[in-house]
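Here is what each chain is made of, one letter per residue.
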Amino acid sequence: MTTSRIALVTGANQGLGRALVEGLAARLGPDDLVLLTGRSQERVSAAAREVAALPDTRSRVEGRILDVTETEAIAGLADDLRARYGGVDIVISNAVARLLPEESQSARADEFINVSNTATHAILRSFGPILRPAGRLLVVASSLGTLGHLDPRLHHLFDGASLEQVEYAVESWRGAIHHKTAEEAGWPRWLNVPSKVAQVAAVRAVAAERREHDLANGTLIASVCPGMIDTATSRPWFSDFSGAQSPADAARAVLDLVFADGVDPALYGELVRFGRALPWHDGAPLTEQDGLLTP
């Protein structure tokens, strides 16, 4: 069977990732392939079977094992897809480590950073070069990813940074956590804030290098904020959930961006929420969440 388009979603067993896979499988065609990835063979296989059996599913759906904390595994999957299909058309990086307020931020730092940031860097490096013309490479972040959510002392680490400089900043942050100097240097306690800023900065760095070529061939690289989603993971962090969405609702705006005709230059390389770019320098340091945290 000839495969027309190849789509890949990481962190796709449940929640938003699962909803993104379902939406892709419903919008793509019979010759297209959606790859659903995760770490557990049992859960990945079950999720792929369940999505394939949905009445709205039109494309083929397959499960692939991928531990995003293993950068060699990410590179290996990219090499395999290049060899089999000549590249990919849609990549959505969605993996995140669940973190609760009562858990020690410092004890969970390595896992959280590896899943959210080291993996993002590896996906950008491995899948950017095999993205076909008119492709889409999106990193799921959040509105916390704007620079203003960090202490101004840290802005220079990410503003206008290259991917290598973002990686250095992330590892400096990781080291400061382990040496118990992070708060003194201005890093917030809540791991999610520096992590999201770094994700957006990494996307901006790669996009800056590719912008002219990508816009010429209709390719989009961006980070996306799906908005607040009502899940067990997010509920402990916020007091007002009146505007929260279901995963299926949150996936809709992301998929609309994937399937939009052409590329709006105003969105290229930016953090996009509901079809609009969020200003990179906006935001203010958070205080509500720090009061919930175990250091």
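Details of the structure are given in the entry above.
Thresholds, definitions, all that
- Residues numbered from 1 in each chain as written.
- Predicted model: local features only at pLDDT ≥ 70, side-chain atom pairs only at ≥ 80, totals over all residues.
- Heavy atoms only, no water.
- Helix = DSSP H or I, 4+ residues; strand = E, 2+ residues; numbered from the N terminus.
- Rg over C-alpha atoms; globule rule 2.2 N^0.38 Å.
- Buried < 20%, exposed > 50% of the residue type's maximum accessible area, 1.4 Å probe, protein only.
- Contact = heavy atoms within 4.5 Å.
- Areas by Shrake-Rupley, 256 points an atom, 1.4 Å probe, with all protein chains shown as cover.
- Lys, Arg positive; Asp, Glu negative; His and termini not counted.
- Charge placed at Lys NZ, Arg CZ, Asp CG, Glu CD.
- Pairing = 2+ DSSP bridges.
- Right-handed = clockwise from strand over helix to strand, strands pointing away.
- Expected span 1.5 Å × (residues − 1).
- Arc of directions from axis to C-beta.
- Core = buried A, V, L, I, M, F, W, Y, C linked by side-chain atoms within 4.5 Å.

(A) Molecular detail of the overall build of the chain. Along its length, the chain carries eight helices and eight strands. Here the chain has a C-alpha radius of gyration of 18 Å; the compact-globule value for 295 residues is 19 Å, and the two agree. Once the C-alpha set of the chain is aligned to its principal axes, its extents read approximately 60 × 40 × 35 Å. Across the 295 residues of the chain, 53% fall into the buried class. Within the chain, residue pairs in contact and separated by at least 24 positions form 78% of the contacts whose partners lie at least 6 positions apart. With an accessible surface of roughly 12900 Å², the chain has 50% of that area assigned to carbon and sulfur atoms. Computed over 28 positive and 37 negative side-chain charges, the separation of the two mean positions in the chain equals 3 Å.

(B) How the structure looks around the pairing of strand 3 (residues 60-65). Sheet topology note: the strand 2 (residues 33-38)/strand 3 ladder contains six bridges and is parallel. In the sheet register, Leu-36 faces strand 3, and the bridge partner there is Gly-63. Between strand 2 and its parallel partner strand 3, the chain crosses via helix 2 (residues 41-52), and the hand of that crossover is right-handed.

(C) Examining helix 5 (residues 163-178) more closely. The terminal C-alpha atoms of helix 5 lie 23 Å apart, and with 16 residues this matches the ideal 22 Å at 1.5 Å per residue to within 8%. Buried within helix 5 we find Leu-163, Val-166, Ala-169, Val-170, Trp-173, Arg-174, Ala-176 and Ile-177. Each buried residue of helix 5 lies within a common arc of 165 degrees when the element is viewed along its axis, so the set occupies one face. One or two steps after helix 5, the chain reaches Lys-180, where phi turns positive at roughly 60 degrees.

(D) Just the nonpolar core, in detail. Ranked by size, the top nonpolar core spans 96 residues in total, and within it Leu-24, Phe-127 and Phe-158 carry the most contacts. Among the elements that take part in this core, helix 7 (residues 192-217) stands out by supplying ten residues, more than any other. Setting aside its immediate chain neighbours within four residues, Leu-24 contacts Ala-7, Val-9, Val-34, Ser-59, Ile-90, Ile-92, Leu-255, Val-258 and Phe-259.

(E) Examining the pairing of strand 4 (residues 88-93) more closely. Along strand 4, six of the six residues are buried, which leaves the element largely enclosed by surrounding structure. Of the pairings in the sheet, the one linking strand 1 (residues 6-9) to strand 4 comprises three bridges and is parallel in character. Each residue of the ladder has a partner; that of Val-9, found in strand 4, is Ile-92. Relative to strand 5 (residues 131-140), strand 4 runs parallel, the two sharing five bridges. When the bridges of strand 5 are listed, Val-91 appears paired with Leu-137. Traced from strand 4 through helix 4 (residues 105-127) to strand 5, the parallel crossover comes out right-handed.

(F) The arrangement of unusual backbone geometry in detail. Here Ala-134, not a glycine, exhibits a phi torsion of approximately 70 degrees, which is positive. Residue position: Ala-134 is located in strand 5. A positive phi is found at Lys-180, a non-glycine position, where the angle reads about 60 degrees. By the element assignment, Lys-180 lies in the loop between helix 5 and helix 6 (182-185). Given the relative accessible area of 74%, Lys-180 is considered exposed.

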